[in-house]
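Residue-level structure breakdown
Listed here are the chains, written in short residue letters.
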Amino acid sequence: YQNRPLYLVSSYLIYQSLDFFVKESNSFTSVLPELSYFIVQLIYFVTAVFITIKILAKYFVINKTDIIMVTVLLSLNPLIQFGVFTPSNHTLTFLVFVVSIYCLEKLQNSKRLFFYSLMFGFLFLLNRSFFISLIAINLFFLYKNRNRYKILLLNGISIVIFFIPNFLYK
């Protein structure tokens, strides 16, 4: 967990918020660590579902029933079902996939590439799999602009930008 400080900070903030409302003499305090991890996992899952619905809304007309069906369908994934009750990477891995697709759809120019590189750099402190998102974005940007040699330099700069948050953390 030392390589995932944002994961620990998010759980810690939820724990502190819950601890603020519970008295120390309450027997509920023994469950607070597990409850905080559960809430954090639910936050990651809900974020992934929200982004998935935003992606689907670009191609389909989405109504309330569709939102419920997408949420139920995604929650039936065994990795999500079991990962939500433990401090694990399962919901974050799903989030990596969804965020990557969302960013690939929005990528238009090098300014966005640099912003996404920095964003993925911070998310790298949440889960190391976000490096795959950076690679996917850079390969897509390289393919989209394959006739320009300047793009190789921009991809190199985006990789340097990606590692800035990790460097600052270390």
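As a starting point, this report considers the structure included with it.

What counts, and at which threshold
- Residues numbered from 1 in each chain as written.
- Predicted model: local features only at pLDDT ≥ 70, side-chain atom pairs only at ≥ 80, totals over all residues.
- Heavy atoms only, no water.
- Helix = DSSP H or I, 4+ residues; strand = E, 2+ residues; numbered from the N terminus.
- Buried < 20%, exposed > 50% of the residue type's maximum accessible area, 1.4 Å probe, protein only.
- Areas by Shrake-Rupley, 256 points an atom, 1.4 Å probe, with all protein chains shown as cover.
- Lys, Arg positive; Asp, Glu negative; His and termini not counted.
- Charge placed at Lys NZ, Arg CZ, Asp CG, Glu CD.
- Axes fitted to C-alpha atoms, helices over the stretch in contact; angles between N-to-C directions.
- Parallel < 35°, antiparallel > 145°, perpendicular 65-115°, else oblique.
- Left-handed = near helix turned anticlockwise from the far one by under 90°.
- Contact = heavy atoms within 4.5 Å.
- Nonpolar A, V, L, I, M, F, W, Y, C, P; charged D, E, K, R; others polar.
- Patch = residues over 30% accessible without salt bridge, like charges linked within 9 Å, V, L, I, M, F, W, Y side chains within 5 Å.
- Salt bridge = Lys/Arg side-chain N within 4 Å of Asp/Glu carboxyl O.

**Overview of the overall build of the protein**
Within the protein one finds eight helices and zero strands. Ordered by position from N to C terminus, the α and β elements of the protein give α-α-α-α-α-α-α-α. Its C-alpha atoms put the protein at 65 × 45 × 25 Å along the principal axes. Taken across its 170 residues, the protein has 35% of its residues classed as buried. When the accessible area of the protein is evaluated, it comes to approximately 10700 Å², of which 71% is carbon and sulfur surface. Of the side-chain charges in the protein, 14 are positive and 5 negative, and the distance between the mean point of each set is 22 Å.

**Thoughts on the packing of helix H6 (residues 110–124) against helix H8 (residues 150–169)**
Where H6 contacts H8, the axes come no closer than 7 Å and their chain directions differ by 30°. The orientation of H6 relative to H8 falls into the category roughly parallel. The two elements H6 and H8 meet at a crossing, and its hand is right-handed. The residues of H8 that touch H6, namely those facing Ser110, Leu113, Phe114, Ser117, Leu118, Phe120, Gly121, Phe122 and Phe124, are Leu154, Asn155, Ile157, Ser158, Ile161, Phe162, Pro165 and Asn166. Its residues assigned to classes, the contact of H6 with H8 shows eleven nonpolar, six polar and no charged.

**Some details on a nonpolar patch on the surface**
A surface patch of nonpolar side chains, amounting to about 540 Å² of accessible area, comprises Leu6, Val9, Tyr12, Leu13, Leu118 and Phe122. If one sorts the elements of the nonpolar patch by residue count, helix H1 (residues 5–21) sits on top with four residues. With respect to the helices, strands and loops of the structure, Leu6 is situated in helix H1.

Purely geometric stuff here, so don't read any function into it on its own.
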